[in-house]
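The chain contents come next:
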Amino acid sequence: MNAANHQSVRVEVRSLRKSFGDQEVLHGVSFNVEPGEIFVLMGPSGSGKSVLLKHIIGLEEPDAGEILIEGQPAHSAAVRDKFRMAMVFQSGALLNSLTVGENVGLYLAEHQLKSPAEIDRVVAEKLELVGLKGAEQKIPGELSGGMKKRVAIARALVIEPQLILYDEPTSELDPLMAITIGEEILSLKARTRATSIVVTHDRDLAFGVADRVALIAEGNILLVGTPAEVKKSTHPLIQKFLTADFKPKQEPT
Amino acid sequence: MIFRDLGQLLILFWRTLQALPLLWRHRRKVAEQFFEIGNASLLMVCILSLFIGGVLALETGPVMVERGLSNFLGGIVGLAVCRQLAPALMAVLIAGRIGSAMAAEIGSMAVYQEIDALRTMNINPTHYLVLPRLVAISIALPMLLIFADLVGWLGGAMVCATNQQIAIGFNSFFTNLREVVEVQDIVHGLIKSFAFAIAIGTVSCHQGLKTIGGPRGIGRSVTKAVVNSIIMILVLDYFLTHLLVQLEK
Ligand SMILES: Nc1ncnc2c1ncn2[C@@H]1O[C@H](COP(=O)(O)OP(=O)(O)OP(=O)(O)O)[C@@H](O)[C@H]1O
Ligand SMILES: [Mg+2]
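If you're wondering where the values come from, they're calculated on a predicted model, not measured in any experiment. Here the residue index of a chain counts from 1 through its sequence in written order. Working convention: letters from A go to chains and numbers from 1 go to ligands, in the order in which they are written. For this predicted model, a pLDDT threshold of at least 70 governs which residues receive local features, and a threshold of 80 or more governs which side-chain atom pairs are given and counted, while totals over whole chains, interfaces and linings are taken from all residues. In computing side-chain properties, one takes all heavy atoms of the structure into account and sets aside hydrogens as well as water.

Asks: Mind showing me how you'd approach the coordination of the magnesium ion (ligand 2) here?
Replies: Six octahedrally arranged donors around a metal ideally form angles of 90 or 180 degrees; four tetrahedrally arranged donors ideally form angles of 109.5 degrees. All names here are of chain A. Donor atoms from the polypeptide that coordinate the magnesium ion (ligand 2) comprise S50 (OG) and Q90 (OE1), at 1.9 to 2.2 Å from the metal. With a gap of 40 residues between them, S50 in helix α1 (residues 49-56) and Q90 in the loop between β6 (85-88) and α3 (100-110) connect regions that are remote in the sequence. Three exposure classes are used, based on accessible area relative to the maximum for each residue type with a 1.4 Å probe and protein chains only: buried under 20%, partly exposed in between, and exposed over 50%. Q90 sits in the partly exposed class, given a relative accessible area of 37%. Donor atoms are limited to N, O and S found within 2.8 Å of the metal ion, a distance that becomes 3.2 Å for Na, K and Ca. With water left out, some sites might look partial. Secondary structure counts use DSSP, requiring at least four H or I residues in a row for a helix and at least two E residues in a row for a strand, with both numbered from the N terminus.

So, in structure tokens, the structure goes:
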């Protein structure tokens, strides 16, 4: 687990099926994410995006099919020990009993990768990156939703991951902060060639950072392609999803 | 159902034991938990055991005095407190006070995905959450028991001295107690309370970890943690006493 190890990883998802009770959430999902790629997943709410990410990070085991990280099953202990991976949860999932600083430095502290002074320095640097300079001593309970999300992003960046999963990283952020986060997603890739999978509803973010985009609806992948290919798609649902705009209805007079 | 739970408990306990070599790494968390347990329960332990000793003297005192056995009162109260009453009742108290808190804290971490977050950071929840709590409670409960023994005896002595029907002075109470109660009797209680502490810690952490379903789920886990701990304490109490009495012969 040394910092110099920036080998990026390949993710393969093969006919993944998952049910909760008698509700099947994923109906045989397959795609590959190439090493160093930024792969964006879009799709309607409830289509199974978060469940899919949890499988890739190894929190859930597939009912059928498999997920391979560099050829090894994602939920195996070997994968976790071998590769640095991180996930930004949709809810942030900060540890409420720890301060912001302790949350961000948790990975380094628990794995004893750096001295306490160095951890403090890295934590301060990452917090500044997400616009939360000097928030170390705050506790998660006193943060706004967007601030929690940014702390969660800082916590994931500290890991210097080889594979990073973002679950709606910008959903609670203002447009300027969303741009900053988008830039950081790109710069992480430039710095470390990390493989990134981004779930988002934010079309600007998606087409701004993506190498490839996948659309998922009701537990099926509809389409995978480069942003240009996806934009050209004639699939009605995809067109609607990508171009729909809010228009106030005209009141009949 | 019961067997599956027991199996999971044993596995959790075994995994925690295997993690013991990592204890030094987690020493800060152990200390935190230890002081939290102490702070939360020392006063309650003292008050409770004062009354336990008192009520024991009140129940047995008049009967024994009537039969001319007043000389043995210190010994009876002393033995009953340190061998049985204090270990069992303190464990029940700690199950209610600390076991519930452990289940609630870990349960809310499970519900709000904090444990998932730990896993994604390759931090083992058993090492991070269970190990420090289990070690802290199994040191703290026996230590609290020593306070409970002393305060319990004091409670017994106070009642004996002040109750008109009993009227045995402090001195004769404690002289008899010292004659009858041996170190072995105190150790007997300590061994039991150590076992109870492990039961409370394991049951409560286990219930916390398997919590699902929001605030209601947390409530359910807390109730189960306390009830299951108390059942475990009483059942273990019988079998451990049986075993220890055999060994003491
Ligand atoms: N632990 C679980 N138990 C039961 N059902 C679940 C569980 N997790 C997810 N589901 C179900 O799986 C489906 C997909 O959920 P998921 O969270 O993946 O949606 P999503 O695509 O991330 O939506 P959103 O964009 O709103 O976050 C939903 O119908 C949800 O009810
Ligand atoms: Mg989601």
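Asks: How should the interface of chain A and chain B be read in this particular structure?
Replies: Size of an interface, as often reported, equals the accessible area lost when the parts are brought together. Note on contacts: a residue pair qualifies if any of its non-hydrogen atoms lie within 4.5 Å across the two residues. With 24 residues of chain A at the interface, the matching set in chain B holds 18 residues. By definition, the buried area sums, over both parts, the 1.4 Å-probe accessible area that each loses when the two are put together. Interface of chain A and chain B: buried area, both sides summed, is about 1700 Å²; carbon and sulfur atoms make up 54% of it. The term salt bridge refers to a pairing of a side-chain nitrogen on Lys or Arg with a carboxyl oxygen on Asp or Glu at a separation within 4 Å. Seen at the junction of chain A and chain B, the total is one salt bridge. For the salt bridge of E110 of chain A with K29 of chain B, the shortest nitrogen-to-oxygen distance reads 3.0 Å. By the criterion applied in these results, polar contacts are pairs of N or O atoms within 3.5 Å in which, for protein atoms, one can donate a hydrogen and the other can accept it, and in which residues neighboring in sequence qualify only through two side-chain atoms. In this structure, the connection of chain A to chain B is made through nine residue pairs in polar contact (both at pLDDT 80 or more). Taken together, the elements giving at least two residues each to the side of chain A that touches chain B come down to α2 (77-82), β6 and α3 of chain A.

Asks: Help me out: how do you make sense of the pattern of salt bridges in this one?
Replies: All names here are of chain A. Across all of its chains, the model carries 23 salt bridges over all chains by this definition. As a salt-bridge pair, E160 and K126 come within 3.7 Å of each other at their nearest N and O atoms. In this pair, E160 is assigned in the loop between α5 (145-158) and β7 (163-167) and K126 in helix α4 (residues 116-129), connecting sequence segments 34 residues apart. Among the residues examined, K126 registers a relative accessible area of 5% and is labelled buried. It is possible to trace a salt-bridge network through shared partners that takes in R10, E12, R14, E34 and E66.

Asks: What's the story with a positive patch on the surface in this structure? I'm lost.
Replies: Residue and element names in this part refer to chain B. Side chains of R4, R216, R220 and K224 sit close together on the surface and give a patch of like positive charge. Take the positive patch: its biggest share by element is three residues, from helix α8 (residues 214-248). Here R220 is to be found in helix α8. Each patch is assembled from residues with relative accessible area greater than 30% and no salt bridge, linking like charges that lie within 9 Å and nonpolar side chains (Val, Leu, Ile, Met, Phe, Trp, Tyr) that lie within 5 Å. Accessible surface is estimated by sampling points in the Shrake-Rupley manner with a 1.4 Å probe; for residues, cover comes only from the protein chains shown. Residues scored as positive are Lys and Arg, those scored as negative are Asp and Glu, and His as well as the terminal groups of each chain are ignored. Taken as the charge centre is NZ of Lys, CZ of Arg, CG of Asp or CD of Glu, depending on the residue.

Asks: Teacher, can you tell me more about the sheet that holds strand β4 (residues 64-69) of chain A here?
Replies: Where strands meet in a sheet, backbone hydrogen bonds hold them as pairs that are either parallel or antiparallel. Residues and elements named next belong to chain A. DSSP calls a pair of strands paired once it identifies at least 2 bridges connecting them. Spatially, the four strands line up as an open sheet ordered β2-β1-β4-β5, and their pairing is antiparallel. The sheet is open, and its two borders are formed by β2 (23-33) and β5 (72-73), each paired with just one other strand. Alignment of strand β1 (residues 11-20) against β4, held across five bridges, turns out to be antiparallel. Within the sheet, the bridge partner assigned to V11 lies in β4 and is I69.

Asks: I keep staring at the layout of surface pockets and nothing clicks. Help me out?
Replies: To find leftover empty space, one rolls a probe the size of a water molecule over the atoms. Roughly 1100 Å³ of internal volume is contained in the largest pocket. Buriedness for pockets is judged along seven lines, at least five of which must meet protein on both sides within 12 Å for an open set on the 1 Å grid over protein atoms alone, while cavities are sets there where a 1.4 Å probe fits but cannot get out, and lining residues have an atom within 4 Å of a point. In terms of lining, the largest pocket is formed by 32 residues, of which the most central are E102, A109 and E110 of chain A together with R28 and K29 of chain B. Elements supplying a minimum of two residues to the lining of the largest pocket: α3 and α4 of chain A together with α2 (27-66), α3 (73-111) and α5 (125-162) of chain B. Grid points are joined across faces, edges and corners, and a volume is the space filled by probe spheres set on the points. Computed from the structure, the second largest pocket encloses a volume of approximately 880 Å³. Only α2 of chain A together with α1 (2-18), α4 (114-120), α5 and α7 (183-209) of chain B provide two or more residues apiece to the lining of the second largest pocket. At five residues, α1 of chain B tops the list of elements feeding residues into the lining of the second largest pocket. Charged residues are taken to be Asp, Glu, Lys and Arg, nonpolar residues to be Ala, Val, Leu, Ile, Met, Phe, Trp, Tyr, Cys and Pro, and polar residues to be all remaining types, Gly included. In terms of residue class, the lining of the second largest pocket is built from nine nonpolar, nine polar and eight charged.

Asks: What's the story with the pairing of β1 of chain A in this structure? I'm lost.
Replies: Consecutive residues of a regular strand have side chains that alternate between opposite faces of the sheet. Summarising the sheet, β1 of chain A and β2 of chain A pair through eight bridges and their orientation is antiparallel. By the bridge assignment for β2 of chain A, V11 of chain A is matched with V33 of chain A.

Asks: Explanation requested: the confidence of the model for chain B in the structure shown.
Replies: Low pLDDT marks stretches whose predicted atomic positions should not be read closely. All names here are of chain B. A residue-level look at chain B finds 100% of positions with pLDDT of 70 or above and a mean pLDDT of 92. Across chain B, α7 holds the top mean pLDDT of 95, while helix α6 (residues 170-180) sits lowest at 88. Interface scoring of the predicted complex returns ipTM 0.90; its pTM is 0.90. For every residue, the predictor states its confidence as a pLDDT score lying anywhere from 0 to 100.

Asks: Please explain the packing of α1 of chain B against α7 of chain B as it appears in this structure.
Replies: Two quantities define a packed helix pair, namely the angle between the helix axes and the distance between the axes. Residues and elements named next belong to chain B. What counts as an axis is a line fitted to C-alpha atoms, over the stretch in contact for a helix, and the angles between N-to-C directions run from 0 to 180 degrees. Packing of α1 against α7 leaves a shortest axis separation of 10 Å and a crossing angle of 110 degrees. By the angle between their axes, α1 is roughly perpendicular relative to α7. Residues D5, Q8, L9, L12 and F13 of α1 form the contact with α7, whose participating residues are I198, T202, V203, C205, H206, Q207 and L209. A per-class count over the contact of α1 with α7 returns seven nonpolar, four polar and one charged. Any angle from 65 to 115 degrees is called roughly perpendicular, while one under 35 is roughly parallel, one over 145 is roughly antiparallel, and all others are oblique.

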